[in-house]
Amino acid sequence: MPQQCSRSTLPLPKQTHPIENSPSSLVRQVDPLVRALNTVMYGLLVHFGTLWMIDLAQRQQHNDSSYTSAAGEEGRTPSHLLSILFLHEYWVYLQHSNVFGNPLLQHLDRQYGIALLKKNQHWSIAGTLTAYWSRECLCLFLCLPFLQRQYNGEQYYFTSTQYMILYSLIYHTIKSRGVREDALKRSSPRFGIMRLVIDKFYLNSMAEVQVTVLRLFLQGFDTYIHFCVVRDLVLLSSPGGVAWCISSMHVLFTVWVVHAALNQFFRKSTASVMVQTWHALTAKKIDNDAMKTAEKGDFIGGKENATNEDKDESTEGESLSSGNSSLTSSDNKSTTNVVQIIDANDEYVVRQLLHHERVCNSLKGRQGSASSGVDKAIRLATSVSILAAFFMIGINNVPMQWLSSGNIVATSDMCNIFQDQSRVLSVALYSWLLWGLLYGIWAIFLKSRSDSQLSNQSSSSRRRQISFIRMADFTVMIGVAYLLPPESKGMLLFTLIVLTGKSFIQSMDISFPRIVWNGLLAVEFLTKLRILRMLQQSSDTMLTSFVLTVLWSLWVVTNANPTPCEVEKQREVADAVFLGHPAELHDCWALWLRPYSLQERWQAPSWVWPLWPFHYVVGWYVCNYRQRLFGDKASFFCSDTVMYGNALMQNWVATHFARHFVTNPRQVKKNIEAAARHAEEIGVKVLCLGALNKAESINGGGLGIVNELGPRRRISVIHGNHLTSAAVVETIHQVFGDRKVKFFLTGASSKVGWAVAQALRDRHAYEVLCHSTDPGRRRFFREHGFASAATLAEGSAFSKYWIVGKYDTAVAQLIPQNSTAVVFSVPHPLGVRSDVRVIEAGTLHMDLQKLDRPRSFTNKLRAHEIFACHAASAVAAYRLEKGSALIDEVGPVDPQEMDSWLDDAKLLGFQIPTFHPVEDDETIQRPAVVIVGSGPAGLSAAAMLSQKNIPHIVLEAQPGESFGSWSNHFAGLEITTQKKWCNLPGLSMNNKDFPEENVSAEEYQRYLQQYVHRFNINIRRGVKVVSVEKGGSEECPWVVKYEDSSSLGNTQLLPAFSVIVATGKHRVPNKNTTDDVAGKLTTAAIQFVHSTEMCDGATWEQAVTAARNGRLCIVGLGNSAADLAALILQRCPTGEKDTTQIHIAARTVPPVFPRKRFIFRVDSLGFLVRLMPQFLQDFFVHLLWTMIPSSKLCNAAFPSHLKRWTKINGRVPVIDKHGMIASGLQSGKLVGHGPILDITSDRNVHFDDRNGSSTAIDMVILATGYKEECSLVDREDKLNGMYKIGFGKDRFLPLKSIGDEAKEIVEEISKVYDRALHL
Ligand SMILES: Cc1cc2nc3c(=O)[nH]c(=O)nc-3n(C[C@H](O)[C@H](O)[C@H](O)COP(=O)(O)OP(=O)(O)OC[C@H]3O[C@@H](n4cnc5c(N)ncnc54)[C@H](O)[C@@H]3O)c2cc1C
């Protein structure tokens, strides 16, 4: 059973006049005569009273000679316009004052209005009232310039009457808008404006008394304003004009009083006559339309409704006076059932009519024409109010005056309409210009409020848009025209010729280069300006101003953008609603600006960023308050309405953005539910949830909404996941075919993800690795026979074919180079990866032929694309139409079910897009770049080559899975520099995988592993390069000789286009120091190891024992020495008998800095220092050395005769990572010595300390660094393509420099690569 909209019931007392109940027939016969006579008497009083008051004012004016008429000239007779205005004003004044003061006349008017109210004829009331008021407004506005006065013949000023006119215009505009609101609601509350304007005065309570007094005051003041206008028009006329005015007042009064007496006699107000005539006219039209529609049937529900409505009305109608019976009967006679349905104003019936029959896009009948009439009247009233405000306030003139004279001149001085006419014109023109801008903003606002169906689809809305653009064009043009000098006729002729040419070209529909077209447009624009300028020059400015104003008013009335009332008319009830939400705050622009909405999909244009504060505020407001303030229907914007086949589809954009799902999830949930409630209430059949609106955490994928709406709901709620899953699976199969492919799937725990995983494995036997960070989900995958991964890095290692079902920026970071990603997350994160082939599998193509109009908003997709979940709403609507019961597709996806959705979608014209199948790996052999070494340097070069798509191979001597020399250093090594300085180009260590600021050598290895997968780097391990020689072919001028396990001692050759040697400079330990410490230790039989040999537990144990006995010596004072000393001290237990001591033998003393002091990180300072010239570097380091207390302490701990660093020379100071060095030196656990001089037989080591002392030592660690030279090649040969990397001088941040070097080298290689191969 159709739902009926509740109608307001009016608690009006019966409106009957005492006389009407009188039994006496004599009284009945005499009564009209008495009423008529009464009105004549009262009218005479008003008329002559008015003349008397005007006479008084005239005498007063003569006495005060300082005031003169603005008209000025003696004997001037009023113009035609002035005469008409005067007569009109006097008529209105007579009517107002008589209605105000004559209870009988008032009663007649009100009685009729009340009758209409009872019959729920709100639109008729609104139409009549606004028609009156708009006419009043226009006339008052036109009177405005004629009421100017001059003081002492010098200055002009605005009179009180003019200000009162401004007030009256605004007052009438507000009233008009108020009655329209009441008409829209089809009810007027007790103190609603429509009731206040019409109803009789009540005095039952204090509140009613106050309201009555206010109503009387407003009505009286309105009457007084009209009196003032009439009075001033007489006073400001010349003597000849005054005589004309007075005599015409007599004539007009005679006509008026006869008409008023007749009104009383026949008990009919003028308004009732007008409305009846209009009803009779429209009834005929409706009758015709209704007959046509009725032939199609299907109004049964409506008829039932109508009968009820008729019954209601007839009961109320009986209470009307006999005088109104003609009205009631005429209504009944002239309407058919269908018309009554429409008259009944029942929203539901109207909706059914529009919905099922699609008869037209707007309401029909009286209500339709009344509503459009009201809108036009309101537009007129509003526009004249604004124009008058500009005129009165004079703000429009200020910029002009300010520009020309540098002073802001008094408003009164600017608006002398009779003497300085150009200024009047400027007032009008600037008013126009400003109004144009205001109107533009208003239009945009309306459009946002309304269905965007207004933007493109219907011809009327297109016309509106065009007219809006024209208006903007025109208003700006007029403003500019005023500033331009007059133009020569020759020039004008030329531009006219160009213009004609442009029209001709346009009509031929030829496409031209954009620049030509823009040029023609510019010429056209200038021509228009010139024509206008000439018009201004040649004609009377006053006339021009007037003509423009009238033209403009006409234009506003006929052509402007739709008001909310019209939007209301156009609203239709959708079969299927897709509820999306904007991803980002700036995406809302896509709703309004069509070109932007079709732009590159997920990238905001740069111009929106400065608007961020605005977006933020708007976003905050719309998410939190719109729905709360304005109810459920304000929880979304309807951005698109189209018919697709038989289904009316709408796109609703919920009023929250992606970030609100995190910041305001509760409000977001409320918004979604509000939209669903509204959809249910208005009769939408299918609500389809898009993007995050179906997030599990928000509403369980729609389950929450289904519960919220309850079991009696009529709306089907779907999430479209079945169709999406089916589309993804079919797309993947289309692209990968039946070959054995391994997929890494992100977002596997979502409904779609899980269905896709199952279908891919069960139907197509693909291998799927499911990703989830949640251990519980991973267990679930395993239980169902799927391999699982906790990190994305595992996915990089697993496959270069990814299925991305979750928006995660780390995906873009870690997905392998040149891989293929099938995405169904919206939006997807791979926009930044141009090397990855992205296949959007969650998007379908639609049959554009099935659209009844172009879509105005496409969710940022191309015109023919549609999200699969969106298309599912059409499928659901189709199923319902076919007789299916309520569809609630909110639970998990059933892989068996999903194909039926896709089949239905295909029936409706949706198609899976066609993609090229993936190709097998490239088999064409191209000359490659050979990289020797897989440390950070070799890998960064390989990654950069990979990005440039230059074939390459990395040869690594070590057979295991380690990278570079990081596995060969001492155990427990922590990289000194922060991780941000250790990142290699193209991939940073993300905080998820590497949460600390610093990473250990082991963790860095893990990063290098990720790096290899990310760039798909091909490493051949266990291949030791023995030489790199010149002498290959033209294409491969280098020959790399290598040995591997298969070569059985023979060297093999590998031709190379180019060679990058990255064998590292921290690989070969330097044990042969100049003072032959190693020899001395061997002779003295003291155990010694190089720092790189501190790998195994036994060696560490020996070192710790020696230290605890105070018999450990570390030779060297670099970073390795400091790290080892600190690590050993950490392992030595402290206690009462603590004899721990480590002796450090140094030849020169370097600066020792703490790693971090306050907020300053020493490596960050290092970054700055390395940019400085040498002398500044030295100065800076010395400064720190002398300033930082712990550095001073370390310095003092070594014998004073030892050399201190005077120049940095690219060396890196010692970093005291955890403060252990400073505290050790202070506590005496670390003892600073000079170098070892000699060792006596009892293992007594003599240091160069100048005090002759010796120390017994059991173990020595040589922290003496590395042989830094490259043994493989001596010199680089860049010219011929042989490079060395990782041998630079930067010791502050070597890893950073390595990355920079790699980029430079690859850039150079890529420059010559294509050229050299003639590709
Ligand atoms: C203890 C220590 C701490 C450091 N701390 C930092 C720090 O905190 N911050 C910083 O930026 N830098 C630091 N560095 C310096 C530098 O960044 C690293 O040494 C870095 O690993 C150098 O990278 P690389 O690729 O040039 O050389 P390596 O990492 O040494 O890699 C060279 C690779 O080439 C292979 N190779 C060598 N010869 C051949 C051959 N003939 N054929 C095939 N393969 C071969 C090797 O097996 C090795 O895998 C530190 C160095 C050391 C020693």
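The rules behind the values
- Residues numbered from 1 in each chain as written.
- Predicted model: local features only at pLDDT ≥ 70, side-chain atom pairs only at ≥ 80, totals over all residues.
- Heavy atoms only, no water.
- Helix = DSSP H or I, 4+ residues; strand = E, 2+ residues; numbered from the N terminus.
- Buried < 20%, exposed > 50% of the residue type's maximum accessible area, 1.4 Å probe, protein only.
- Phe/Tyr/Trp six-rings, centres within 6.5 Å; stacked < 30°, edge-to-face > 60°.
- Lys NZ or Arg CZ within 6 Å of the ring centre and 35° of its normal.
- Near = heavy atom within 4 Å.
- Polar contact = N/O pair within 3.5 Å; in protein donor to acceptor, adjacent residues only side chain to side chain.
- Areas by Shrake-Rupley, 256 points an atom, 1.4 Å probe, with all protein chains shown as cover.
- Salt bridge = Lys/Arg side-chain N within 4 Å of Asp/Glu carboxyl O.
- Core = buried A, V, L, I, M, F, W, Y, C linked by side-chain atoms within 4.5 Å.
- Contact = heavy atoms within 4.5 Å.

- An unreviewed UniProt entry annotates the protein as Flavin-binding monooxygenase-like protein of Skeletonema marinoi.

1. Structural notes on unusual backbone geometry
- At the junction of V826 and P827, the peptide bond is cis and its omega measures out at -5° in the coordinates.
- Relative to the elements of secondary structure, P827 occurs in the loop between β13 (820–823) and β14 (837–840).
- Of note, the phi angle at N1016 is positive, near 55°, even though the residue is not glycine.
- Judged by relative accessible area, which is 41%, N1016 ranks as partly exposed.
- With a phi close to 50°, F1158 is a non-glycine residue in the positive phi region.
- Within the secondary structure, F1158 is located in the loop between β29 (1156–1157) and β30 (1160–1161).
- A relative accessible area of 63% means that F1158 is categorised as exposed.

2. Section: the packing of aromatic side chains
- Following the criterion strictly, the structure yields 28 aromatic pairs and no others.
- Judged by centre distance (5.9 Å) and plane angle (5°), the ring pair of F217 and F221 falls under stacked. Pair noted here: F217 and F221 are both in helix α7 (residues 206–235), with a separation of 4 residues, about one helical turn.
- Put simply, the rings of Y90, Y93, Y167, Y171, F217, F221, Y224 and F227 touch in pairs and so form one group of aromatic residues.
- Sitting over the ring of F1015, R1014 keeps its end group 4.2 Å from the ring centre.
- Sitting above the plane of the F963 ring, R1021 keeps its charged end 4.8 Å from the centroid.

3. Brief notes about the site of the ligand
- As a matter of local geometry, the ligand sits amid 33 residues, with E956, W966, T976, T977 and L1295 nearest to it.
- Backbone polar atom of P936 to an oxygen atom of the ligand: 3.2 Å apart, as the coordinates give it.
- Take W966: an N or O atom from its side chain is 2.9 Å from an oxygen atom of the ligand.
- Its free accessible area being 980 Å², the ligand has 93% of it covered by the protein chains.

4. Brief notes about the pattern of salt bridges
- Scanning the entire structure with this criterion turns up 30 salt bridges.
- The residue R1155 makes a salt bridge to E974 at a minimum N-O spacing of 2.5 Å. One end of the pair, R1155, is in the loop between β28 (1152–1154) and β29; the other, E974, is in the loop between β18 (952–956) and α39 (1001–1014), with 181 residues separating them in the sequence.
- Taken together, the shared-partner salt bridges connect D632, R677 and E708 into one network.

5. Focus on the nonpolar core
- Residues Y1004, Y1011, I1017, I1060 and I1128 are the most contacted members of the largest nonpolar core, which totals 95 residues.
- No other element matches helix α42 (residues 1119–1131), which puts 8 residues into this core.
- Ignoring anything within four residues of it in the chain, the contact list for I1017 reads L939, A942, A943, V954, Y1011 and V1012.

6. What to know about the environment of S269
- Inspection of the secondary structure puts S269 in the loop between α8 (239–266) and α9 (270–295).
- When the C-alpha positions of S269 and H259 are compared, they lie 9.7 Å apart, and in sequence the two are 10 residues distant.

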